[in-house]
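Each chain is listed here by its residues.
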Amino acid sequence: MAKRSLFSILSKQPWWVSLVVAAVLFAISYQFLPQFAPFVALPFVGVAVYVAWKQLRGRSPADVGERLAALREMPWEKFRAIVSAAYRRQGYAVEASASGAFDFTLRKNGKITLVQCRRWKVNQVGVGPVRELYAAMSGHEAFNCVCIGTGEFSANAREFAAGKPITLLSGTALAELVGPIG
């Protein structure tokens, strides 16, 4: 889904926002083309149902914050074990790396993914580690790479990663990846 599409924007809002949009579009289209009004509103009702389902399954913001705080407090060995286990649950073969540019090599379906998460405790990950990880991709014939941090990524890091096979993983996505801690 395009990052700036209406459906992408609505999928990041509470479920009821999509339902309100559906109702408004239904009311407007009913005035002009009553026979097509349900078809105009239906995609937005679908988005509302999808978002409600995701939000019911998802973690509350408090749970995400607690999980990220717990991850920040962990020593490297425990953090590494939790991230490795999370990727193994997703079906990846995980190998520790001796490289300074990345921490793990993931293999699945013949594709290689490089993962870096050594700077997991910092409040903001800058562009340097992301560039270093991206440079390592070609030398290891990797399909893509993932940079993990419990804090945010700087604007420069996000700008550098845009359009490249780099995933910047933090916040809710990181909390969902590792699952319950304890």
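Details of the structure are given in the entry above.
The model shown is predicted, which means the values in this text are computed figures rather than measured ones. (Residues numbered from 1 in each chain as written. Predicted model: local features only at pLDDT ≥ 70, side-chain atom pairs only at ≥ 80, totals over all residues. Heavy atoms only, no water.)

Asks: Explain the pairing of strand E5 (residues 144–148) here, please?
Replies: Working note: regular strand, side chains alternate between the two faces of the sheet. Of all 5 residues that make up E5, 5 are buried, and the element is covered over most of its length. Alternating positions in E5 separate into two faces, Asn 144, Val 146 and Ile 148 on one and Cys 145 and Cys 147 on the other, with burial throughout. The pairing of strand E3 (residues 111–116) with E5 spans 4 bridges and is classified as parallel. The partner of Val 115 across the bridge, within E5, is Val 146. (Buried < 20%, exposed > 50% of the residue type's maximum accessible area, 1.4 Å probe, protein only. Helix = DSSP H or I, 4+ residues; strand = E, 2+ residues; numbered from the N terminus. Pairing = 2+ DSSP bridges.)

Asks: What's the story with the sheet that holds strand E7 (residues 166–169) in this structure? I'm lost.
Replies: Whether parallel or antiparallel, the strands of a sheet pair through hydrogen bonds between backbone atoms. Pairing is mixed in the open sheet, where 5 strands are placed in the order E1-E2-E3-E5-E7. The sheet is open, and its two edges are formed by strand E1 (93–96) and E7, each paired on a single side. This sheet shows a mean twist of 20 degrees between the axes of neighbouring strands, independent of strand direction. (Axes fitted to C-alpha atoms, helices over the stretch in contact; angles between N-to-C directions.)

Asks: Help me understand helix H8 (residues 171–178), please; the structure alone is not making it clear to me.
Replies: Every α-helical turn comprises 3.6 residues, leaving residues that sit three or four positions apart pointing alike. Every buried residue of H8 is accounted for by Gly 171, Leu 174, Ala 175, Leu 177 and Val 178. Here the buried residues of H8 occupy an arc of 160 degrees about the axis, which is enough to place them on one side. Of the residues flanking the end of H8, it is Gly 179, one or two places downstream, whose phi is positive at about 75 degrees. (Arc of directions from axis to C-beta.)

Asks: Is there a simple way to explain unusual backbone geometry in this structure?
Replies: Glycine aside, a negative phi is what most residues show, and trans is what most peptide bonds show. The backbone of Asn 109 shows a phi angle near 55 degrees, a positive value even though the residue is not glycine. Its location among the elements puts Asn 109 in the loop between strand E2 (104–108) and E3. According to the relative accessible area criterion, Asn 109 is exposed, its value standing at 71%. Of note, the phi angle at Glu 141 is positive, near 50 degrees, even though the residue is not glycine. By secondary structure assignment, the location of Glu 141 is in the loop between helix H6 (127–139) and E5.

Asks: Help me understand the packing of aromatic side chains, please; the structure alone is not making it clear to me.
Replies: Any two aromatic rings considered together are summarised by their centre-to-centre distance and by the angle between their planes. Overall, the coordinates contain 5 aromatic pairs when judged by the stated rule. Taken together, a centroid distance of 5.2 Å and an interplanar angle of 25 degrees make the contact between Phe 7 and Phe 44 stacked. Of this pair, Phe 7 sits in helix H1 (residues 6–11) while Phe 44 sits in helix H3 (residues 37–57), and the two are 37 residues apart along the sequence. The class for Phe 7 is partly exposed, based on a relative accessible area of 32%. Measuring from centroid to centroid gives 5.6 Å for Tyr 87 and Tyr 92, while their planes differ by 85 degrees, and the two rings are edge-to-face. Residue classification places Tyr 92 among the partly exposed residues on the basis of a relative accessible area of 23%. (Phe/Tyr/Trp six-rings, centres within 6.5 Å; stacked < 30°, edge-to-face > 60°.)

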